[in-house]
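# Structure assessment
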Amino acid sequence: MRIKGLQDEDFVNYKKPAMTIMFPHCNGFKCGAEYCQNSPLSKAEDIEIDISNIVIRYLNNPITESVVMQGLEPFDSWDDLIGLVGCLRHSTDDDIVIYTGYYKEEIIDKVETLCKYKNI
(Lines give C-alpha, C1' and ligand atoms only; values in the text may rest on other atoms or scores of the structure.)
Protein backbone atom coordinates (compact mmCIF):
# COMPACT_ATOMS: atom_id res chain seq x y z
CA MET A 1 0.00 0.00 0.00
CA ARG A 2 1.22 3.49 -0.80
CA ILE A 3 0.74 6.31 1.74
CA LYS A 4 2.15 9.77 2.41
CA GLY A 5 2.33 9.38 6.17
CA LEU A 6 1.26 7.48 9.25
CA GLN A 7 0.89 8.87 12.75
CA ASP A 8 0.65 6.11 15.34
CA GLU A 9 -0.97 8.31 17.99
CA ASP A 10 -3.12 11.26 16.99
CA PHE A 11 -5.29 13.16 19.48
CA VAL A 12 -6.51 15.93 17.16
CA ASN A 13 -8.40 14.44 14.22
CA TYR A 14 -11.07 12.45 16.09
CA LYS A 15 -12.74 12.30 19.48
CA LYS A 16 -10.85 9.11 20.36
CA PRO A 17 -7.08 8.52 20.21
CA ALA A 18 -6.37 7.46 16.65
CA MET A 19 -3.85 6.10 14.25
CA THR A 20 -3.95 8.51 11.32
CA ILE A 21 -3.05 7.47 7.79
CA MET A 22 -2.42 10.01 5.03
CA PHE A 23 -3.33 8.81 1.56
CA PRO A 24 -1.13 9.69 -1.44
CA HIS A 25 -3.50 10.60 -4.26
CA CYS A 26 -5.92 13.36 -5.12
CA ASN A 27 -7.25 13.88 -8.59
CA GLY A 28 -7.38 17.64 -7.89
CA PHE A 29 -10.76 18.31 -9.45
CA LYS A 30 -12.25 19.85 -6.29
CA CYS A 31 -9.70 22.46 -5.30
CA GLY A 32 -7.38 22.43 -8.30
CA ALA A 33 -3.82 21.16 -8.16
CA GLU A 34 -2.29 24.64 -7.94
CA TYR A 35 -4.44 25.48 -4.89
CA CYS A 36 -3.97 22.26 -2.92
CA GLN A 37 -4.84 22.77 0.73
CA ASN A 38 -2.40 19.97 1.59
CA SER A 39 0.46 21.18 -0.58
CA PRO A 40 3.25 20.08 1.81
CA LEU A 41 1.69 16.63 2.08
CA SER A 42 1.26 16.35 -1.69
CA LYS A 43 4.99 17.04 -2.13
CA ALA A 44 6.06 14.50 0.51
CA GLU A 45 7.68 11.27 -0.59
CA ASP A 46 5.41 8.25 -0.97
CA ILE A 47 5.87 5.45 1.55
CA GLU A 48 5.33 1.79 0.70
CA ILE A 49 3.94 -0.22 3.61
CA ASP A 50 2.15 -3.52 3.80
CA ILE A 51 -1.46 -3.34 4.96
CA SER A 52 -0.85 -6.10 7.49
CA ASN A 53 1.98 -4.03 9.02
CA ILE A 54 -0.40 -1.11 9.51
CA VAL A 55 -2.95 -3.37 11.21
CA ILE A 56 -0.32 -4.96 13.46
CA ARG A 57 1.00 -1.52 14.48
CA TYR A 58 -2.52 -0.42 15.28
CA LEU A 59 -3.44 -3.53 17.27
CA ASN A 60 -0.19 -3.45 19.26
CA ASN A 61 -0.73 0.13 20.41
CA PRO A 62 -2.64 0.18 23.73
CA ILE A 63 -3.46 3.90 23.36
CA THR A 64 -5.30 4.11 20.05
CA GLU A 65 -9.03 3.37 19.81
CA SER A 66 -9.74 4.41 16.21
CA VAL A 67 -8.23 4.74 12.76
CA VAL A 68 -8.49 8.00 10.78
CA MET A 69 -7.92 8.02 7.03
CA GLN A 70 -7.44 11.41 5.45
CA GLY A 71 -5.83 13.55 2.76
CA LEU A 72 -4.84 13.76 0.28
CA GLU A 73 -8.00 11.85 -0.77
CA PRO A 74 -8.62 8.31 0.54
CA PHE A 75 -11.29 7.53 -2.05
CA ASP A 76 -8.79 8.20 -4.86
CA SER A 77 -6.87 5.17 -3.53
CA TRP A 78 -9.96 2.98 -3.39
CA ASP A 79 -8.28 -0.43 -3.68
CA ASP A 80 -5.90 0.33 -0.82
CA LEU A 81 -8.67 1.96 1.24
CA ILE A 82 -11.07 -0.97 0.99
CA GLY A 83 -8.23 -3.45 1.49
CA LEU A 84 -7.17 -1.72 4.70
CA VAL A 85 -10.75 -1.48 5.98
CA GLY A 86 -11.31 -5.17 5.31
CA CYS A 87 -8.09 -6.16 7.03
CA LEU A 88 -8.89 -3.99 10.06
CA ARG A 89 -12.37 -5.46 10.31
CA HIS A 90 -10.96 -8.98 10.54
CA SER A 91 -9.23 -7.94 13.77
CA THR A 92 -11.18 -5.09 15.41
CA ASP A 93 -14.50 -3.25 15.49
CA ASP A 94 -12.85 0.02 16.56
CA ASP A 95 -14.07 3.19 14.83
CA ILE A 96 -12.81 3.92 11.33
CA VAL A 97 -13.11 7.54 10.18
CA ILE A 98 -12.63 8.51 6.54
CA TYR A 99 -12.27 12.21 5.77
CA THR A 100 -13.07 13.06 2.17
CA GLY A 101 -13.73 15.99 -0.13
CA TYR A 102 -16.39 14.07 -2.03
CA TYR A 103 -20.12 14.42 -1.56
CA LYS A 104 -21.88 11.17 -0.72
CA GLU A 105 -23.66 11.22 -4.09
CA GLU A 106 -20.30 11.30 -5.90
CA ILE A 107 -19.10 8.08 -4.27
CA ILE A 108 -22.38 6.33 -3.47
CA ASP A 109 -21.15 2.97 -4.80
CA LYS A 110 -18.15 3.11 -2.47
CA VAL A 111 -20.26 4.27 0.48
CA GLU A 112 -22.60 1.32 -0.07
CA THR A 113 -19.63 -1.05 -0.06
CA LEU A 114 -18.28 0.48 3.15
CA CYS A 115 -21.69 0.27 4.84
CA LYS A 116 -21.26 -3.48 4.94
CA TYR A 117 -18.66 -2.94 7.66
CA LYS A 118 -19.34 -1.94 11.26
CA ASN A 119 -18.37 1.47 12.74
CA ILE A 120 -17.37 3.35 9.60
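Just above sits the structure.
Everything in this summary refers to the structure shown in the same document. Here the structure is a predicted model, which means the values were calculated and not measured. Chains are numbered independently. Their residues run from 1 in the order of the written sequence. Totals for whole chains, interfaces and linings use all residues, but because this is a predicted model, local features are given only for residues with pLDDT of at least 70 and pairs of side-chain atoms are given and counted only at 80 or more. Hydrogens are left out, water is left out, and the side-chain values use all remaining heavy atoms of the structure.

### What about the sheet that holds strand β5 (residues 66–70)?
Each pair of strands is called paired provided DSSP finds at least two bridges between the two strands. Elements are defined by DSSP. Helices are runs of H or I of four residues or more, strands are runs of E of two residues or more, and each kind is numbered from the N terminus. With respect to topology, four strands assemble into an open sheet ordered β2-β3-β5-β6, the strand pairing being mixed. Edge positions in the sheet fall to β2 (5–10) and β6 (95–98), since each has one partner strand and no second. When strand polarity is set aside, the average angle formed by the axes of neighbouring strands in this sheet is 15°. The pairing of β2 with strand β3 (residues 18–22) spans four bridges and is classified as antiparallel. Each bridged residue has a counterpart across the sheet, and for glutamine 7 the counterpart in β3 is threonine 20. Residue contacts follow a heavy-atom distance rule, with two residues in contact if any of their heavy atoms lie within 4.5 Å. With axes taken as lines fitted to C-alpha atoms, and helix axes fitted only over the stretch in contact, angles between N-to-C directions fall between 0 and 180 degrees. Strand contacts of helix α2 (residues 51–59): β2, β3 and β5, with the helix running at about 155° to β3, the strand carrying the most contacts.

### Section: the packing of α2 against helix α3 (residues 78–89)
Contact geometry for α2 and α3: axes closest at 10 Å, N-to-C directions at 45°. With respect to each other, α2 and α3 are oriented oblique. The handedness of the crossing between α2 and α3 is right-handed. Listed contacts from α3 to Ile51, Ile54, Val55 and Tyr58 of α2 are Asp80, Gly83, Leu84, Cys87 and Leu88. Per-class residue counts for the contact of α2 with α3 are seven nonpolar, one polar and one charged. Orientation categories follow fixed angle ranges, with anything under 35 degrees roughly parallel, anything over 145 roughly antiparallel, 65 to 115 roughly perpendicular, and all other angles oblique. Here a crossing is called left-handed whenever its near helix is offset anticlockwise from the far helix by less than a right angle, and right-handed whenever the offset is clockwise. Residue classes follow a fixed rule: Ala, Val, Leu, Ile, Met, Phe, Trp, Tyr, Cys and Pro count as nonpolar, while Asp, Glu, Lys and Arg count as charged, and any other residue, Gly among them, counts as polar.

Interpretation note: all reported values are geometric properties and have no functional meaning in isolation.
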